[in-house]
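# Observations on the model geometry
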Amino acid sequence: MTKSKQQKNAILTIVCLLALAVFGAAMVWLHYQQLCSPGGGDDPYTSDLGQHLYFAQQGMIYSTVSLLIGPAYDIAGRIGIAVLLAVFHLAAVAVFAWGLRAALPESTRPVRLLVSLAVNLATAVWMPRGGYWYQGTVGGTIYHNTTYIMLAPFALLTMLAFYRVWPTVHGRLDLRSYAVYTVLLTVATSFKANLIFAFAPALLVLLIADFVRSRAKNLKNEILMGCSVFPGVALCFVQARVLFAAEDSGIRLIFTVPFDHHRMLWGPFNEAGVLGLARSFVFAAAVGLLLGRAAWKSFRYRFSLFTFAVSMAEALLLVESGERLYHANLWWGPFICFWAFWLESVSIFLAQCRAKAPRWRLVLCGLALVWHLASGVCFLVMLLCGVSY
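Residues numbered from 1 in each chain as written. Predicted model: local features only at pLDDT ≥ 70, side-chain atom pairs only at ≥ 80, totals over all residues. Heavy atoms only, no water.

Another point: the nonpolar core. Counting residues in hydrophobic clusters, the biggest one holds 110 residues, and the most contacted among them are Phe162, Tyr181, Phe199 and Met225. Looking at this core, the element that brings in the most residues is helix 14 (residues 332-354), giving 14 residues. In this structure Phe162 touches Tyr181, Phe199, Leu203, Leu206, Met225, Phe299 and Phe303, once residues within four positions along its chain are discounted. Listed in part, the 7 residues of the second largest apolar core include Phe259, Met264, Phe269 and Val319. (Core = buried A, V, L, I, M, F, W, Y, C linked by side-chain atoms within 4.5 Å. Buried < 20%, exposed > 50% of the residue type's maximum accessible area, 1.4 Å probe, protein only. Helix = DSSP H or I, 4+ residues; strand = E, 2+ residues; numbered from the N terminus. Contact = heavy atoms within 4.5 Å.)

The following block contains the structure:
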């Protein structure tokens with residue numbers, strides 16, 4: 001390695017560390033403000049953080065989050081929880097960067113981390129009269145929900161571990177990779193059940209398709225892969241007993257429950273919801289339409305898209321009943337699955353930039369990505385300044 005290249009790498013490393021430090025400090029400050037908020041929607045820093053802390057202090061244990069934020073609060077108060085959440089944000093950026101290795105094989109770790117940090121600032125694109133900045137939209141990075149923030153790195157690790165073990169189904173199953181994937185899926189579910197809620201049905205369809213295509217030659221491995229979701233599904237039942245303890249609470253088909261269309265902030269039930277969904281998928285749609293031939297060759301892209309489609313179908317067709325009707329908790333599925341799909345869309349775009357695909361296609365996709373990034377930076381700055389989402 002030449003001296004100039006070493007200097008360049010050193011500079012990139014310093015820039016990367018500074019960028020991550022600034023982002024981490026911003027997350028600590030934002031989450032501390034959210035924890036100091038009285039909540040209820042009247043305060044500009046309102047979030048779910050205070051409510052989740054209250055549940056943990058009252059002994060309502062339904063998630064690993066409850067087991068982490070209580071001790072963090074006991075050790076260092078609100079700042080302890082804020083630091084803990086910042087660590088999870090940084091972990092999510094690191095896992096996303098790890099997922100970019102296939103698209104940027106020659107890039108150094110600082111470069112991948114900087115790219116990861118940048119693309120994870122993206123939100124739904126802003127446009128005049130386009131609805132709310134956040135409500136009604138779908139995106140991978142969230143700043144106000146404790147369980148989602150902690151789920152994110154483990155959910156993406158689960159998907160990456162699954163991509164590693166799946167090819168071995170057609171031969172000798174890699175039991176070590178299988179065990180790692182199963183443990184990660186279970187741990188992710190312990191934080192929040194939304195990933196497995198979509199992943200399990202998507203895996204079932206994949207296993208059935210593989211069973212038919214291989215004429216049952218991989219039956220033993222397919223059964224083992226199917227069994228990988230059982231620990232996580234068992235956790236879902238444990239969580240449901242806590243979350244749906246009220247007599248009228250549960251999950252129902254949405255058209256069997258009367259609801260106010262204007263209060264339903266996600267879904268195609270009012271103008272803000274429709275505009276929010278349309279603004280969420282500009283870059284992903286551009287990659288699918290303009291780089292679709294290359295994208296469709298990737299199993300990771302196809303499966304993440306299918307998992308996201310399953311999560312969207314569940315969010316659109318199912319709803320919590322009772323007092324949780326307007327909580328929109330089932331929409332966390334599309335959020336976390338879209339984040340996995342976002343990784344693959346970004347990876348396809350970066351890989352095609354290296355492969356020198358038609359320039360006009362790359363320019364259009366790049367402009368869409370920049371639009372998402374600029375909107376996300378503005379959204380984060382507004383949150384830090386106390387403008388409610």
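Moving on: the environment of Thr256. Among the structural elements, Thr256 can be located in the loop between strand 1 (251-253) and helix 10 (271-280). In this structure Thr256 comes out as partly exposed when scored by relative accessible area, which is 46%. Residues Thr256 and Val319 lie 63 residues apart in sequence; the distance between their C-alpha atoms is 9.5 Å. Polar contacts involving the side chain of Thr256 include one to the main-chain carbonyl oxygen of Leu253, which spans 2.6 Å. (Polar contact = N/O pair within 3.5 Å; in protein donor to acceptor, adjacent residues only side chain to side chain.)

This part is about the packing of aromatic side chains. Applying the stated criterion across every chain, the model contains 33 aromatic pairs. Between the aromatic rings of Phe88 and Phe154, the centroid separation amounts to 6.5 Å while the plane-to-plane angle is 50 degrees, which identifies the pairing as tilted. On the criterion of sequence distance, the pair formed by Phe88 in helix 3 (residues 64-99) and Phe154 in helix 5 (residues 146-165) is long-range, its members being 66 residues apart. Assessed through its relative accessible area of 23%, Phe154 is described here as partly exposed. Among the aromatic side chains, those forming a connected cluster through ring pairs are Phe162, Tyr163, Trp166, Tyr178, Tyr181, Phe199, Phe299 and Phe303. (Phe/Tyr/Trp six-rings, centres within 6.5 Å; stacked < 30°, edge-to-face > 60°.)

Turning to unusual backbone geometry, a few remarks are in order. Although it is not a glycine, Arg215 adopts a positive phi angle of roughly 55 degrees. Notably, Ala216 is not glycine yet its phi reads approximately 65 degrees, a positive angle. Assignment of secondary structure puts Ala216 in the loop between helix 7 (194-214) and helix 8 (219-227). Among the residues examined, Ala216 registers a relative accessible area of 31% and is labelled partly exposed.

At a closest axis distance of 11 Å, the pairing of helix 5 and helix 13 (residues 299-317) adopts a crossing angle of 130 degrees. Judged by the angle between their axes, helix 5 and helix 13 are oblique. When you trace helix 5 past helix 13, the crossing you get is right-handed. Residues Met159, Leu160, Phe162 and Tyr163 of helix 5 pack against Phe299, Arg300, Phe303, Ser304 and Thr307 of helix 13. Residue composition of the contact of helix 5 with helix 13, grouped by class: 6 nonpolar, 2 polar and 1 charged. (Axes fitted to C-alpha atoms, helices over the stretch in contact; angles between N-to-C directions. Parallel < 35°, antiparallel > 145°, perpendicular 65-115°, else oblique. Left-handed = near helix turned anticlockwise from the far one by under 90°. Nonpolar A, V, L, I, M, F, W, Y, C, P; charged D, E, K, R; others polar.)

Right, let's talk about a nonpolar patch on the surface for a bit. Where nonpolar side chains cluster on the molecular surface, the patch consists of Leu204, Ile208, Phe211, Val212, Leu219 and Ile223 and spans about 560 Å² of accessible area. Contributing elements (two or more residues each) for the nonpolar patch: helix 7 and helix 8. For the nonpolar patch, the element with the highest residue contribution is helix 7, accounting for 4 residues. Relative to the helices and strands, Ile208 resides in helix 7. (Patch = residues over 30% accessible without salt bridge, like charges linked within 9 Å, V, L, I, M, F, W, Y side chains within 5 Å. Areas by Shrake-Rupley, 256 points an atom, 1.4 Å probe, with all protein chains shown as cover. Salt bridge = Lys/Arg side-chain N within 4 Å of Asp/Glu carboxyl O.)

Moving on: the pattern of salt bridges. The final tally for this structure, using the stated rule, is 2 salt bridges. A salt bridge links Arg300 to Glu344, with the nearest nitrogen and oxygen atoms 3.1 Å apart. Placement of Arg300 in helix 13 and of Glu344 in helix 14 is noted, with a sequence separation of 44 residues between them. The exposure class of Glu344 is buried, given its relative accessible area of 3%.

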